[in-house]
Amino acid sequence: VRPVFYDLIFINNEWHASVSGKVFSTYNPATGEKICDVQEADKADVDKAVQAARSAFSLGSVWRKMDASERGRLLFKLADLVERDSAYLATLESLDTGKPFLSSFFVDLQGTIKTFRYFAGWADKIHGSTIPTDGEYFTLTRHEPIGVCGQIVPWNFPLVMTAWKLGPALSCGNTVVLKPAEQTPLTCLYIGALIKEAGFPPGVVNILPGYGPTAGAAIASHMGIDKVAFTGSTEVGKLIQEAAGKSNLKRVTLELGGKSPNIIFADADFELAVEQAHQGVFFNSGQCCTAGSRIFVEEPIYEEFVRRSVERARRRTVGNPFDPTTEQGPQVSAEQQSRVLELIQSGITEGAKLECGGKAPPSKGFFVEPTVFSDVQDHMRIAKEEIFGPVQQIMKFKTIEEVIERANNTEYGLAAAVFTTDLNKAMTVSAALQAGTVWINCYNALSCQCPFGGFKMSGNGRELGEIGLKEYTEVKTITMKMSGKKS
Amino acid sequence: IACQCVSFSLQIFINNEWHDAVNKKTFPTINPATGEVICHVAEGDKADVEKAVKAAKDAFKLGSPWRRMDASDRGLLLSRLADCIERDAAYLAELETLDNGKPYAVSYSVDVPMVVKCLRYYAGWADKWEGKTIPIDGDYFCYTRHEPIGVCGQIIPWNFPLLMQAWKLGPALATGNTVVMKVAEQTPLTALYVASLIKEVGFPAGVVNIVPGMGPSAGAAIASHMDVDKVAFTGSTEVGHLIMKASSTSNLKKVTLELGGKSPNIILSDADMEEAVEQSHFALFFNQGQCCCAGSRTYVQESIYDEFVERSVERAKKRIVGDPFNFNTEQGPQVDEEQFQKILGYISSGKREGAKLMCGGGPAADRGYFIQPTIFGDVKDDMTIAREEIFGPVMQILKFKSLDEVIERANDSKYGLAAAVFTKNIDKAHYISNGLRAGTVWINCYDVFGVQAPFGGYKASGIGRELGEYGLDNYTEVKTVTIKVPQKNS
């Protein structure tokens, strides 16, 4: 039985072959085998999609004239449809990404459904203002949609990332040209079918599977796209910003990489800290922008912490994503697997102590053993570069001032955490860390109500929460001459 | 009446269970189209309110399922309630028409869909009602929490039973409160059906409790209960005073009120005549004239006055009064005998005080509480029919000359619920709407409601606003938390 229903390009609520006729393959990373071929979008397809999105956004269109509450209804309907098909979607997600099925089902699918429902609720609550301006004038603001939004999503959480992008964009009334990652196009394309089933007008959402340097670049530099949102590596984030500057100054939001510090004080709840630090770096095979990949442990508990972390890492079950006892699946691709192994080598070469793991297990698929390094020094590559794999770095610190400085000594600033039972330490450290999200006595506690994004080179702008709507809104001020103004 | 698989009872709803009144009393509810008894319903009194408040208080305890529930899950429950009401729309519309007398076509296409939209709107707010973190002076970290108030008493009227229930439950439940609701004795049925849906979708026991009963007994018990933290009342200004008094002599519970109105509808000479006539007709006659915001003082500029009156009379004469279940019917009966007599009394006063009766003026049928669509012309500001809320199908048309004059006359009322202006001129539209002391001002339209837009009264028309984001304020206690920190940084 063929598991994949949608392998074409989605434009105007219809399925299209690529203009060039080209296709690309997507693989099951647990086995290395091809799942299927998918139509490959390039510049010509992006042009078609932008035209459809532009048309759907024109004044007087069905989408522009629709009640805001009705936009919300459609998003809510979409959430219900995702919920209806969640078993299938979780299966497809695990097949294409390698993440454990139970994770896909209980974490990714729930995150997707909740995000769509959350933004469904905002649609008719996006308020402008009436303003007490000086002079005989009546002033108000309209919070309008920006227009055609290009959205480029990554492969680590395909469905969730799609929801994070579509939710606010559609809630605010924009139209979308979305490119899923070439490694993981399948669940995103299925969402296209649900968008049509939910009743979104044609052209409001268009989905173009393809590669970054071709389809992605075409989106970033398109003169007919008003805004681009990208989640991925900092390296490509820079290219997106450059392309926007060189073309039409389209608005840019970026969610990029991280090298997030996780600070464990001696007075922390020890068991909690060990487990949270473990999950914080190993979750999703280490493929999280928020991975707590620099664990700073206060000297008095350092030795014990390393010992217990190694013990925990050794117990981590790696295997077939569809086995319910599996905690960790493969990396998403051969390329990612090589990269992780190369960085592990650098750790060994630069003198960090390899406590466990360190290589690929002898099996099909792109697996990497859960790996722990201790005695990591701040200058080492494994302490500076984003590994995006199941590799835990543990370092030692003495004082609170020292660890704050070391934690902030990075070009990244996506997330951070502090484990302590002391109120003053928690308040001081959380205020001092240059990170978009700071967790206290927890890690990766993410929810759609909370803004998320990076300081410094971890990104521009915030996604989720009410603030997330700002990135998809253009504010228009209207000032009208009045006779006889009154307060 | 269509058969439903959900069982609902003509009893008091407490802790997701159905109870007889403690004293076993019941009261009849009447079909106003025929004057016949539909059925008997348990009559809640002080002792039943006592039970309900206890249940609501328990459901609100720290650590209870309701207090511990994710805000987004409260929203999901409200959403599912909306879905169930939508599912049972035909039945609910039928029951509403049977109990209230409004035309079925309106119950089905206006009341029920608005209920569904209201609940869905507030479902969306549940996890978006945010406090703030605040840059206070000194080495402190300061933030606010938006907490629910607690046990909220809600007393709703009979003119839009389902809709008024939704306007009350939506914001109260979205923000996490628990509720003791007294429904109007004239129209208890649809609210009790909704109670069964509340249980069906999974609200924890005690979160919503519904007590059918009379104002002076059950209503008064709620308004003066020491364990009710807030009371919201929609009804007459007269009773609004009593509610506020009861709060002040008991525990100073927070009070919000949606009361009466005598809303001015101002037609300028440059208005689109056809549109203005039709909208003004609708503004007064909708829902048998039983709207708190009815446009019951129609001020028409001198130069178009005669034509406006003539066309309004023509329109009123065409208004179809009859069986609410007939799809052609525009106007059903008034809700009960008491209202019926009161309205006829006002019509008499109009005639006595010298207003010119242009059409209608009496009962429209032998059975049921039907009144003819009635229009008075040459009405003067000091006449009883120009000052007091009639709440029936009786239209007052008055003449004016200038803008400043009509603004002053429009504002010369103890009420301030709504108002409207019909004009093509952008400057006049804003000049007048800025000058009117009314909670809602409509421009070139009337009775346009959106759950997104706040609604409420100036002056004796009420306290506070319902609907929109503003509606959440009434159901929130703001807690400021200030923490000492070793060193504050911006």
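This structure is a prediction, so every number in the text was calculated from the model and none was measured.

Counting secondary structure elements, chain B contains 16 helices and 20 strands. Relative to its length of 490 residues, chain B is compact, with a C-alpha radius of gyration of 23 Å against a globular reference of 23 Å. Seen along its three principal axes, the alpha-carbon backbone of chain B occupies a region of about 75 × 60 × 40 Å. Put simply, of all contacts in chain B between residues at least 6 apart along the chain, 74% involve residues at least 24 apart. Roughly 19,000 Å² of accessible area belongs to chain B as shown, and the carbon and sulfur atoms make up 52% of that amount. Here chain B contributes 51 positive and 60 negative side-chain charges, whose respective centroids are spaced 4 Å apart.

Many structure descriptions define interface size as the accessible area lost when the parts assemble. Opposite the 26 residues of chain B that make contact, chain A presents 27 residues. In total, chain B and chain A occlude about 2,300 Å² of area from one another, counting both sides; carbon and sulfur atoms represent 54% of this. Linking chain B with chain A are two salt bridges, by the criterion used here. A salt bridge links Arg-80 of chain B to Glu-83 of chain A; the shortest N-O distance between them is 3.8 Å. On the surface where chain B and chain A come into contact, there are six residue pairs in polar contact (both at pLDDT 80 or more). For the side of chain B that touches chain A, the secondary structure elements donating two or more residues are helix H3 (71-87), helix H5 (104-125), helix H15 (426-435) and strand E20 (476-484) of chain B. A per-element tally of the side of chain B that touches chain A places H15 of chain B first, with six residues.

Bringing the sheet that holds strand E20 (residues 473-481) of chain A into the picture now. Residue and element names in this part refer to chain A. If you trace the three strands from one edge of the open sheet to the other, you get E5-E6-E20, paired in antiparallel fashion. The open sheet is flanked by strand E5 (130-131) and E20, the only strands paired with a single partner. The sheet contact formed by E5 and strand E6 (residues 137-145) spans two bridges and is antiparallel. Bridge pairing links Thr-130 to Leu-140 in E6.

Looking now at the packing of aromatic side chains. Residue and element names in this part refer to chain A. By the definition in use, this model includes 40 aromatic pairs over all chains. With a centroid separation of 5.0 Å and 50 degrees between ring planes, the pair formed by Tyr-88 and Tyr-190 is classed as tilted. You can see Tyr-88 sitting in helix H4 (residues 86-97) and its partner Tyr-190 sitting in helix H7 (residues 186-198), a full 102 residues away along the chain. Among the residues examined, Tyr-88 registers a relative accessible area of 22% and is labelled partly exposed. For Tyr-190, a relative accessible area of 11% puts it in the buried group. With a centroid separation of 6.0 Å and an interplanar angle of 85 degrees, the aromatic rings of Phe-270 and Phe-305 are classed as edge-to-face. Of this pair, Phe-270 sits in helix H10 (residues 270-282) while Phe-305 sits in helix H11 (residues 299-314), and the two are 35 residues apart along the sequence.

Glancing now at the UniProt feature "domain: Aldehyde dehydrogenase" (unreviewed entry) in chain A. In this numbering, the UniProt entry assigns the feature "domain: Aldehyde dehydrogenase" (unreviewed entry) to residues 15-478 of chain A. Segment residues 15-478 of chain A splits into 40% helix and 19% strand. End C-alpha atoms: 41 Å apart.

What follows deals with the pairing of strand E7 (residues 151-155) of chain B. All names here are of chain B. Within E7, five of the five residues are buried, leaving the element largely enclosed by the surrounding structure. Burial along E7 is two-sided: Val-151, Gly-153 and Ile-155 facing one way and Cys-152 and Gln-154 facing the other are all buried. The sheet contact formed by E7 and strand E8 (residues 178-183) spans five bridges and is parallel. Paired with Val-151 across the bridge in E8 is Thr-178.

Another point: the UniProt feature "active site" (unreviewed entry) in chain A. All names here are of chain A. The UniProt feature table records "active site" (unreviewed entry) at Glu-255. Mapped onto the elements of the fold, Glu-255 is located in strand E11 (residues 251-255). Overall, Glu-255 belongs to the buried group, its relative accessible area being 6%. Excluding residues that lie within four positions of it along the chain, Glu-255 makes contacts with Phe-230, Thr-231, Gly-232, Leu-414, Phe-452, Gly-453, Gly-454, Ser-458, Gly-461, Arg-462 and Glu-463.

All names here are of chain B. With numbering aligned to this structure, UniProt lists the feature "active site" (unreviewed entry) at Glu-258. With respect to the helices, strands and loops of the structure, Glu-258 is situated in strand E11 (residues 254-258). Residue Glu-258 is classed as buried on the basis of its relative accessible area, which comes to 5%.

In this section: helix H7 (residues 189-201) of chain B. All names here are of chain B. The end-to-end C-alpha distance of H7 is 19 Å, a good match for the 18 Å that 13 residues give at a rise of 1.5 Å each. Burial of H7 is extensive: eleven of the 13 residues sit out of reach of the surface. Among the residues making up H7, those that are buried are Leu-189, Thr-190, Ala-191, Leu-192, Tyr-193, Val-194, Ala-195, Ser-196, Leu-197, Ile-198 and Val-201. Looking at the residues trailing H7, positive phi occurs at Gly-202, about 110 degrees.

On to the pattern of salt bridges, then. Residue and element names in this part refer to chain A. This model, assessed by the stated rule, comprises 60 salt bridges over all chains. A salt bridge links Arg-316 to Glu-327; the nearest nitrogen and oxygen atoms lie 3.7 Å apart. Taken together, the residues span a long stretch of sequence, with Arg-316 in the loop between H11 and helix H12 (334-349) and Glu-327 in the loop between H11 and H12 at a distance of eleven residues. For Arg-316, a relative accessible area of 6% translates into the label buried.

This next bit is on the sheet that holds strand E6 (residues 140-148) of chain B. Paired through backbone hydrogen bonds, the strands of a sheet run either parallel or antiparallel to each other. Strand order across the open sheet formed by three strands is E5-E6-E20 (chain B), with antiparallel pairing between neighbours. Two strands in the sheet have a free side with no partner beyond their single neighbour: strand E5 (133-134) and E20 of chain B.

The terminal C-alpha atoms of helix H9 (residues 234-246) of chain A lie 18 Å apart, and with 13 residues this matches the ideal 18 Å at 1.5 Å per residue to within 8%. Next to the buried residues of H9 of chain A lie strand E7 (148-152), helix H8 (212-220), strand E10 (227-231) and E11 of chain A.

All names here are of chain B. Two elements in contact, helix H14 (residues 403-411) and H15, have axes separated by 10 Å at closest approach and are oriented at 30 degrees. Regarding the angle of H14 to H15, the classification is roughly parallel. Here H14 runs over H15; the crossing is right-handed. The segment H14 lies against H15, with Leu-403, Asp-404, Ile-407 and Asn-411 engaging Lys-428, Tyr-431, Ile-432 and Gly-435. Among the residues forming the contact of H14 with H15, the class breakdown is four nonpolar, two polar and two charged.

Residue and element names in this part refer to chain B. Burial along strand E15 (residues 374-377) is two-sided: the residues Thr-374 and Phe-376 and Ile-375 and Gly-377 are all buried. Pairing between strand E14 (residues 356-359) and E15: three bridges, direction antiparallel. Considered in E15, the bridge of Lys-356 is made with Gly-377.

What counts as what
Residues numbered from 1 in each chain as written. Chains lettered and ligands numbered in written order. Predicted model: local features only at pLDDT ≥ 70, side-chain atom pairs only at ≥ 80, totals over all residues. Heavy atoms only, no water. Helix = DSSP H or I, 4+ residues; strand = E, 2+ residues; numbered from the N terminus. Rg over C-alpha atoms; globule rule 2.2 N^0.38 Å. Contact = heavy atoms within 4.5 Å. Areas by Shrake-Rupley, 256 points an atom, 1.4 Å probe, with all protein chains shown as cover. Lys, Arg positive; Asp, Glu negative; His and termini not counted. Charge placed at Lys NZ, Arg CZ, Asp CG, Glu CD. Buried area = accessible area lost by both parts, 1.4 Å probe. Salt bridge = Lys/Arg side-chain N within 4 Å of Asp/Glu carboxyl O. Polar contact = N/O pair within 3.5 Å; in protein donor to acceptor, adjacent residues only side chain to side chain. Pairing = 2+ DSSP bridges. Phe/Tyr/Trp six-rings, centres within 6.5 Å; stacked < 30°, edge-to-face > 60°. Buried < 20%, exposed > 50% of the residue type's maximum accessible area, 1.4 Å probe, protein only. UniProt positions renumbered as here; feature names shortened; annotations may be inferred. Expected span 1.5 Å × (residues − 1). Axes fitted to C-alpha atoms, helices over the stretch in contact; angles between N-to-C directions. Parallel < 35°, antiparallel > 145°, perpendicular 65-115°, else oblique. Left-handed = near helix turned anticlockwise from the far one by under 90°. Nonpolar A, V, L, I, M, F, W, Y, C, P; charged D, E, K, R; others polar.

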